[in-house]
Amino acid sequence: MAGQGLSTDEVQSIREALAAGRKPKVVFTASAGQIAGQLGQVVELTDPDVSDEFVVVRFGRDELPFSPADVAVAPRGAGRKVVEPNPEPPAEEPAAPAEPEFVLDTPRVPAPRREEPKVEQQVEKAPARRAVKAAKPKSPAGLTVTLAYADGEWTVAAQQGARALAKPYVVKPAEALKMVALVDVPGVQEAVEQILAAERSEAEQQAEKLRAELAEIEARLAELREAR
């Protein structure tokens with residue numbers, strides 16, 4: 001009978017066997033339902049973060065996903081047929097030579113009536129079809145959109161599962177504030193407004209400094225023009 005399911009080490013061993021081109025045999029446990037005790041072959045291990053049923057097993061003509069608790073490693077020699085040697089027929093003894101008969105002294109015996117052998121037709125019942133566990137559709141991988149602020153720049157990035165959909169790209173502060181407003185989280189919105197206020201204050205100070213330098217240069221230029 002099947003065991004208690006696959007352990008973490010056995011799942012890793014199956015993953016290495018698949019990478020080497022082999023398809024390990026497994027036996028269905030009691031949690032697999034009516035197919036418990038039957039054999040199958042693991043053909044693929046999908047992402048366990050996406051679905052708990054990530055062990056894809058070939059059972060007959062179907063390839064269905066199961067959880068590690070539904071299958072166990074098949075014992076060695078499971079599924080192999082033992083070939084029995086054909087017994088040799090016993091040697092027949094040579095028939096004794098028939099002795100001659102005197103036809104006149106032997107009474108005629110009527111030949112026995114030959115009866116036709118009766119042929120009985122046995123109707124074999126088709127085995128009941130075992131219920132196969134319905135496969136659950138795979139749900140799409142999770143989507144993550146990240147708004148980040150570093151070194152005076154706002155960036156947006158998007159990632160689905162392990163695949164990057166959009167690398168971080170720069171957005172304007174006003175656009176970043178609109179994105180945060182959609183989240184409707186007071187603490188996050190206040191943090192963004194504080195960052196924007198600090199940037200605005202620094203920009204105004206730089207503008208004042210540049211205006212003062214520009215006024216000094218304009219005055220110097222006016223003095224040089226008067227000196228002609």
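Look a little higher up for the structure.
Fair warning: this is a prediction, and the values are worked out from it, not measured in the lab.

Chemist: Talk me through the environment of P68; I want residue IDs and the actual numbers.
Modeler: If you trace the backbone, P68 turns up in the loop between β4 (62-66) and β5 (71-73). By relative accessible area, which is 18% here, P68 ends up buried. For the pair P68 and V11, spaced 57 residues apart in sequence, the C-alpha separation works out to 7.8 Å. Excluding its chain neighbours within four sequence positions, the residues that come into contact with P68 are G5, L6, D52, F54 and V55.

Chemist: Tell me about the pairing of strand β2 (residues 39-45), residues and numbers included.
Modeler: Across three bridges, strand β1 (residues 25-28) lies against β2 in antiparallel orientation. Across the sheet, residue K25 finds its bridge partner in β2, namely Q41.

Chemist: I'd like to hear about the sheet that holds β2, residue by residue, with values.
Modeler: With antiparallel pairing, five strands are arranged side by side in an open sheet as β4-β3-β2-β1-β5. Strands at the two margins of the open sheet, each flanked by one partner only, are β4 and β5. With strand direction ignored, the average angle separating the axes of adjacent strands in the sheet is 45 degrees. Packed onto the sheet, helix α1 (residues 8-19) meets β1, β2 and β5 and runs at close to 75 degrees relative to β2.

About the criteria used
- Residues numbered from 1 in each chain as written.
- Predicted model: local features only at pLDDT ≥ 70, side-chain atom pairs only at ≥ 80, totals over all residues.
- Heavy atoms only, no water.
- Helix = DSSP H or I, 4+ residues; strand = E, 2+ residues; numbered from the N terminus.
- Buried < 20%, exposed > 50% of the residue type's maximum accessible area, 1.4 Å probe, protein only.
- Contact = heavy atoms within 4.5 Å.
- Pairing = 2+ DSSP bridges.
- Axes fitted to C-alpha atoms, helices over the stretch in contact; angles between N-to-C directions.

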